[in-house]
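Coordinate analysis (summary)
Chain by chain, the residues run as shown.
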Amino acid sequence: MKLVLAVIQDADAAGLVRTLSENAFEVTKLASTGGFLREGNTTLMIGVPDERLAELKRHVQQTCRTRTRLVTPSVPMGEQGEGMAADPVEVAVGGAVMFVMGVQEFVKV
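A brief report on the enclosed structure follows. Everything quoted here is computed from the prediction, not taken from an experiment.

Within the chain one finds two helices and six strands. Along its sequence from the N terminus, the chain presents helices and strands in the succession β-α-β-β-α-β-β-β. Of all 109 residues assigned to the chain, the portion counted as buried reaches 23%. Considering only contacts in the chain between residues 6 or more positions apart, those separated by 24 or more positions represent 70%. Working note: accessible area of the chain is about 7600 Å², and carbon and sulfur atoms make up 53% of it.

Written out as structure tokens, the structure reads:
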């Protein structure tokens, strides 16, 4: 048995939870914030038998796509030059980060 913590972008959360529920995965959804853009993330806690781990990874990979976005970098006040505006930078956002941990015991009460 494994416990998977999947940190995903809020935009992908509803679709992934729906897909996992349709495929008989039990999911607990937690709101979280992080990353360099300080945007809302969703952390999913998913208990999965060892033999279904590859299937779970496949669903996450198919649902949580990486996309690009234009972001204006923030420059600390002391480093700003007069009349200089920071140009937007294209960055990759989305995707998923998954932590897979072994579970010694699982009890459902």
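From this point, the narrative continues.
Nonpolar side chains collect at one region of the surface, where V97, F99 and M101 lie side by side and expose about 260 Å² of accessible area between them. Within the secondary structure layout, M101 lies in strand β6 (residues 96-102). Overall, the relative accessible area of 33% leaves M101 in the partly exposed class.

Turning our attention to the environment of G94. Checked against the element boundaries, G94 lands in strand β5 (residues 89-94). Residue G94 is classed as partly exposed on the basis of its relative accessible area of 36%. Between the C-alpha atoms of G94 and A11, which are 83 residues apart in sequence, the distance is 8.3 Å.

Among soluble globular proteins, nonpolar side chains are generally buried collectively. The biggest cluster of nonpolar side chains holds 14 residues, and the ones touching the most others in it are L16, L20, L44, I46 and L56. Among all residues touching L44, those that are not within four sequence positions of it are V4, L5, A6, I8, L16, V17, L20, V27, T28 and K29.

If you trace the backbone, H59 turns up in helix α2 (residues 53-63). Judged by its relative accessible area of 11%, H59 is buried. Among residues more than four places away in sequence, those in contact with H59 are L16, T19, L20, N23 and F25.

Scoring rules and cut-offs
- Residues numbered from 1 in each chain as written.
- Predicted model: local features only at pLDDT ≥ 70, side-chain atom pairs only at ≥ 80, totals over all residues.
- Heavy atoms only, no water.
- Helix = DSSP H or I, 4+ residues; strand = E, 2+ residues; numbered from the N terminus.
- Buried < 20%, exposed > 50% of the residue type's maximum accessible area, 1.4 Å probe, protein only.
- Contact = heavy atoms within 4.5 Å.
- Areas by Shrake-Rupley, 256 points an atom, 1.4 Å probe, with all protein chains shown as cover.
- Patch = residues over 30% accessible without salt bridge, like charges linked within 9 Å, V, L, I, M, F, W, Y side chains within 5 Å.
- Salt bridge = Lys/Arg side-chain N within 4 Å of Asp/Glu carboxyl O.
- Core = buried A, V, L, I, M, F, W, Y, C linked by side-chain atoms within 4.5 Å.

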